[in-house]
Amino acid sequence: MKKDINHIFYFPHKPEKIWDYLTKPELLEQWLMKNDIKPVAGHKFQFKSGPAPQIGFDGNVYCEILEVVPNQLLSYSWNCGPEKGRITVESTVIWTLNPKDNGTELTLKHTGIYSTETLVMYDAMYAGWASNAKKLADRLNNITK
Amino acid sequence: MTMQTLDSFQAIADPSRRQILNMLLKKSMTINSLAENFDMSRPAVSKHVKVLYNAGFISIQEIGRERHCILRQKGFNELQEWINYFDNFWNTKLKKLEKLLNEKK
């Protein structure tokens, strides 16, 4: 089971350039979504994209900048839900930029989608199914022996 | 009374409902035996059970006069679909950024 989203991309460009594409609304919009971002801690902004009703996402993401270290780190909250005024998912997006081989390694972590309690439950549940499946297999094996 | 169907995230956001799921992890239980573990009334517990049922986290089996609550995987799978959606979403967007930056080189 996947618990977090992690992506690492390498770009043959300086961190400053990547940083611009993460923090300037007009550049960010070119590859991500329409937005009104400002790289200032506490700034509240929104992303707007197409909806995905099958997972309960209306296409609007409500964000607040949590941490800014220019050219190195940017994090914001990422909250969304099925319709206006209903937030069902509260998560966090963290970007880090590291200079590497004359370019930049960009990592994305989208985390907190599952609360700790949910994770514990999910793990216990999977463990439960696995052991039940094993019990069943053992029983079937005994019958056929 | 018609009850609003809550999605999986909302269904497990409530502490009482999480507690119910945690109890069901160990064994299946009747609504009455679940209710014994809570200070709230049996109808209140029954309402939480219904929310969990509607969101796909439990199934209910009638054995004789008793209704047994059993954990179900479906609710958890919906949470997983959400994470899969955004995993793909980011991958697609980052590839777009890559293309964009390379064009400008």
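What you are looking at is a predicted structure, and each value in this text was computed from that prediction instead of being measured.

Caption draft 1: Highlighting the overall build of chain A. Helix and strand counts for chain A stand at 3 helices and 7 strands. Taking all 145 residues of chain A together, the buried fraction comes to 40%. By sequence separation, contacts in chain A at least 24 residues apart represent 40% of the contacts at least 6 residues apart. Within the structure as shown, chain A displays about 7,700 Å² of accessible surface, and the carbon and sulfur contribution to it stands at 54%.

Caption draft 2: Expanded view of the interface of chain B and chain A. At the junction of the two partners, chain B supplies 37 residues and chain A supplies 43 residues. When the two sides are added together, the surface that chain B and chain A hide from each other amounts to roughly 4,100 Å², 71% of it contributed by carbon and sulfur. By the criterion of area lost to chain A, the three top residues of chain B are Trp82(B), Trp90(B) and Leu101(B), representing 19% of everything that side buries. If you look at where chain B meets chain A, you find 0 salt bridges. On the surface where chain B and chain A come into contact, there are 4 residue pairs in polar contact (both at pLDDT 80 or more). The element best represented in the side of chain B that touches chain A is helix H5 (residues 74–104) of chain B, accounting for 24 residues. Of the residues that constitute the side of chain B that touches chain A, the class distribution is 17 nonpolar, 9 polar and 11 charged.

Caption draft 3: Broad picture of the nonpolar core. Grouped together as the largest cluster of nonpolar side chains are 66 residues, with contacts concentrated most on Trp31(A), Phe47(A), Tyr76(A), Trp78(A) and Trp95(A). By residue number, the principal contributor to this core is H5(B), which donates 11 residues. Once residues within four sequence positions are removed from consideration, Trp31(A) is found in contact with Tyr21(A), Leu22(A), Trp95(A), Lys93(B), Leu94(B), Lys96(B), Leu97(B) and Leu100(B).

Caption draft 4: Spatial organisation of the pairing of strand S1 (residues 5–11) of chain A. Residues and elements named next belong to chain A. The alternating pattern of S1 places Ile 5, His 7, Phe 9 and Phe 11 on a buried face and Asn 6, Ile 8 and Tyr 10 on a face that is not buried. Here S1 pairs with strand S7 (residues 103–111) via 7 bridges, running antiparallel. Bridging from a neighbouring strand, Ile 5 pairs with His 110 of S7.

Caption draft 5: Looking closely at the packing of aromatic side chains. For the structure on display, the rule yields 17 aromatic pairs over all chains. Pairing Phe47(A) with Trp78(A) gives two aromatic rings, centres 5.6 Å apart and planes at 40°, and the pair type is tilted. Residue Phe47(A) is located in strand S3 (residues 44–48), and its partner Trp78(A) is located in strand S5 (residues 73–80); the two are separated by 31 residues in the primary sequence. Trp78(A) matches Phe47(A) in its accessibility class, with the two residues each being buried. Grouped by ring-pair contacts, the aromatic residues Trp31(A), Phe45(A), Phe47(A), Phe57(A), Tyr76(A), Trp78(A), Trp95(A), Trp82(B), Tyr85(B), Phe86(B), Phe89(B) and Trp90(B) constitute a single cluster.

Caption draft 6: Representation of the packing of helix H2 (residues 15–26) of chain B against helix H4 (residues 42–54) of chain B in the model. All names here are of chain B. Where H2 contacts H4, the axes come no closer than 10 Å and their chain directions differ by 75°. Between H2 and H4, the angle is such that the two are roughly perpendicular. Between H2, through Ser 16, Arg 17, Ile 20 and Leu 21, and H4, the contact on the second element is made entirely by Val 45, His 48, Val 49, Val 51 and Leu 52. Of the residues assigned to the contact of H2 with H4, the class counts are 6 nonpolar, 2 polar and 1 charged.

Caption draft 7: The arrangement of the sheet that holds S3(A) in detail. Residues and elements named next belong to chain A. Within the open sheet, the 7 strands sit side by side as S1-S7-S6-S5-S4-S3-S2. Their pairing is antiparallel. The open sheet is flanked by S1 and strand S2 (34–35), the only strands paired with a single partner. Bridge count for strand S6 (residues 89–100) against S7 is 9 bridges, and the pairing is antiparallel. Note that in S7 the partner of Ile 94 across the bridge is Lys 109. Sheet strands touched by helix H1 (residues 15–23): S1, strand S4 (60–69), S5, S6 and S7. Its angle to S6, the strand with the most contacts, is close to 160°.

Caption draft 8: Spatial organisation of the pattern of salt bridges. All names here are of chain A. Enumeration over the complete set of coordinates arrives at 6 salt bridges over all chains. A salt bridge links Lys 109 to Asp 4; the nearest nitrogen and oxygen atoms lie 3.9 Å apart. Pair noted here: Lys 109 is in strand S7 and Asp 4 is in the segment before S1, with a separation of 105 residues, a long-range link. Where Lys 100 meets Glu 105, a salt bridge forms, and the shortest distance between an N and an O atom there is 3.1 Å.

Caption draft 9: Fine view of unusual backbone geometry. All names here are of chain A. The phi torsion at Asn 71 lies on the positive side, around 65°, for a residue other than glycine. Within the secondary structure, Asn 71 is located in the loop between S4 and S5. The class for Asn 71 is partly exposed, based on a relative accessible area of 24%. Its identity as a non-glycine residue notwithstanding, Asn 102 has a phi of 65°, on the positive side. Looking at where Asn 102 falls in the secondary structure, it is placed in the loop between S6 and S7. For Asn 102, a relative accessible area of 80% gives the class exposed.

Parameters and conventions
Residues numbered from 1 in each chain as written. Chains lettered and ligands numbered in written order. Predicted model: local features only at pLDDT ≥ 70, side-chain atom pairs only at ≥ 80, totals over all residues. Heavy atoms only, no water. Helix = DSSP H or I, 4+ residues; strand = E, 2+ residues; numbered from the N terminus. Buried < 20%, exposed > 50% of the residue type's maximum accessible area, 1.4 Å probe, protein only. Contact = heavy atoms within 4.5 Å. Areas by Shrake-Rupley, 256 points an atom, 1.4 Å probe, with all protein chains shown as cover. Buried area = accessible area lost by both parts, 1.4 Å probe. Salt bridge = Lys/Arg side-chain N within 4 Å of Asp/Glu carboxyl O. Polar contact = N/O pair within 3.5 Å; in protein donor to acceptor, adjacent residues only side chain to side chain. Nonpolar A, V, L, I, M, F, W, Y, C, P; charged D, E, K, R; others polar. Core = buried A, V, L, I, M, F, W, Y, C linked by side-chain atoms within 4.5 Å. Pairing = 2+ DSSP bridges. Phe/Tyr/Trp six-rings, centres within 6.5 Å; stacked < 30°, edge-to-face > 60°. Axes fitted to C-alpha atoms, helices over the stretch in contact; angles between N-to-C directions. Parallel < 35°, antiparallel > 145°, perpendicular 65-115°, else oblique.

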